[in-house]
Amino acid sequence: MTNQDITRFQTVEASIESWMAFVEYALASDFYKEALEKLGDAGRASRITLLWTYLNTFSEKDRRRAEEDPEFFYFYARGFIDELATCRYRREGYYDHDTRSLFLGKIKAVLRAQMEDGKVVRPVRYLFLTHVVRFCSNLSFIIESYDMYKDYMFRLRSRVERPRGL
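Residues numbered from 1 in each chain as written. Predicted model: local features only at pLDDT ≥ 70, side-chain atom pairs only at ≥ 80, totals over all residues. Heavy atoms only, no water.

Visitor: Break down the packing of helix α3 (residues 42-55) against helix α7 (residues 123-135) for me, citing the residues and quoting the values.
Guide: The geometry of α3 relative to α7 is characterised by a closest axis approach of 10 Å and an angle of 55 degrees between their N-to-C directions. Taken together, α3 and α7 sit at an angle that is classed as oblique. The interaxial crossing formed by α3 with α7 has right-handed handedness. Residue-level inspection shows Ala42, Gly43, Ser46, Arg47, Thr49, Leu50, Leu51 and Tyr54 of α3 in contact with α7, the latter providing Leu127, Phe128, His131, Val132 and Phe135. Looking at side-chain class alone, the contact of α3 with α7 contains 8 nonpolar, 4 polar and 1 charged residues. (Axes fitted to C-alpha atoms, helices over the stretch in contact; angles between N-to-C directions. Helix = DSSP H or I, 4+ residues; strand = E, 2+ residues; numbered from the N terminus. Parallel < 35°, antiparallel > 145°, perpendicular 65-115°, else oblique. Left-handed = near helix turned anticlockwise from the far one by under 90°. Contact = heavy atoms within 4.5 Å. Nonpolar A, V, L, I, M, F, W, Y, C, P; charged D, E, K, R; others polar.)

Visitor: Provide a residue-level description of the pattern of salt bridges, including the pertinent values.
Guide: By the definition in use, this model includes 8 salt bridges. For glutamate 34, the salt bridge identified is with lysine 38, shortest N-O distance 3.6 Å. In this pair, glutamate 34 and lysine 38 are both assigned in helix α2 (residues 30-39), 4 residues apart and thus about one turn of the helix distant. Looking at lysine 38, the relative accessible area reads 43%, which means it is partly exposed. The closest approach of N and O atoms between glutamate 144 and arginine 47, which form a salt bridge, is 3.2 Å. On the criterion of sequence distance, the pair formed by glutamate 144 in helix α8 (residues 139-156) and arginine 47 in helix α3 is long-range, its members being 97 residues apart. Taking the relative accessible area as the measure of exposure, arginine 47 reaches 10% and is therefore buried. In the salt-bridge network here, residues are joined through shared partners; they are Glu60, Arg63, Arg64 and Glu67. (Salt bridge = Lys/Arg side-chain N within 4 Å of Asp/Glu carboxyl O. Buried < 20%, exposed > 50% of the residue type's maximum accessible area, 1.4 Å probe, protein only.)

Visitor: Summarise the side chain of serine 46; cite the residues concerned and give the values.
Guide: Position of serine 46 relative to the elements: it lies in helix α3. Only 2.9 Å separates the side chain of serine 46 from the backbone oxygen of glycine 43, close enough to count as a polar contact. Reaching out from serine 46, the side chain makes a polar contact with the side chain of histidine 131 at a distance of 2.7 Å. Dropping the residues within four chain positions of it, serine 46 is found in contact with Tyr32, Leu127, Phe128 and His131. (Polar contact = N/O pair within 3.5 Å; in protein donor to acceptor, adjacent residues only side chain to side chain.)

Visitor: Provide a residue-level description of the packing of aromatic side chains, including the pertinent values.
Guide: Scanning the entire structure with this criterion turns up 13 aromatic pairs. Seen in terms of ring centroids, phenylalanine 31 and tryptophan 52 are 4.6 Å apart; in terms of plane orientation they differ by 5 degrees. Their pairing is stacked. Of the two residues, phenylalanine 31 is situated in helix α2 and tryptophan 52 in helix α3; the sequence distance between them amounts to 21 residues. Tryptophan 52 shares its class with phenylalanine 31; the two are buried. Seen from their ring centres, phenylalanine 58 and tyrosine 76 are 4.6 Å apart, and the 45 degrees between their planes marks the pair as tilted. (Phe/Tyr/Trp six-rings, centres within 6.5 Å; stacked < 30°, edge-to-face > 60°.)

Visitor: Residues and numbers for unusual backbone geometry, please.
Guide: Backbone geometry at aspartate 117 places phi at a positive 50 degrees, although glycine is not the residue there. As for its position among the elements, aspartate 117 is in the loop between β1 (115-116) and β2 (119-120). The exposure class of aspartate 117 is exposed, given its relative accessible area of 80%.

Visitor: Mind laying out the environment of arginine 112, listing which residues take part and the relevant values?
Guide: Examined against the element boundaries, arginine 112 turns out to sit in helix α6 (residues 97-112). Overall, arginine 112 belongs to the exposed group, its relative accessible area being 53%. In sequence terms arginine 112 and tyrosine 126 are 14 residues apart; their C-alpha atoms lie 9.1 Å from each other.

Visitor: Help me get a handle on helix α1 (residues 3-28), residues and values and all.
Guide: At 3.6 residues per turn, the α-helix brings residues three or four places apart onto the same side. Between its terminal C-alpha atoms α1 stretches 37 Å, which fits the 38 Å expected from 26 residues at 1.5 Å a residue. Regarding α1, the residues found buried are Arg8, Val12, Glu13, Ser15, Ile16, Trp19, Val23, Ala26 and Leu27. (Expected span 1.5 Å × (residues − 1).)

Here it is in structure tokens:
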């Protein structure tokens, strides 16, 4: 195994571990529980919870601005997607094929771990994981999630304080 292979593997492992922590945090959040209760739709609730979790990684000032200014949010979302370019498929073909292959294999393994005998046994976690994959690879998905989030936050739910420690 070359140094490049080791680095590639470590990068993918770190990314997957970060996603898993991100999903576990979002799943356990009161925000998700409330969104699920109010929306009655696990798909929408998971998408807006992932976006809420992502926004809570911003500074307080930037989070508020991102919630109020779609162009500002778009700037961050585009940067987030571009940062993951080495793993993401691109029609233009300029990405690292080996990293992409390793990355897809790892994601498939994580998703398979949510299944037994071909059936999803942890459907909510599986849903979150599939949404996180799309969130990290599809700008349109992020923008749609942002629209859902804004609709939820400003129509169905009063503003919440940012959780401590973020």
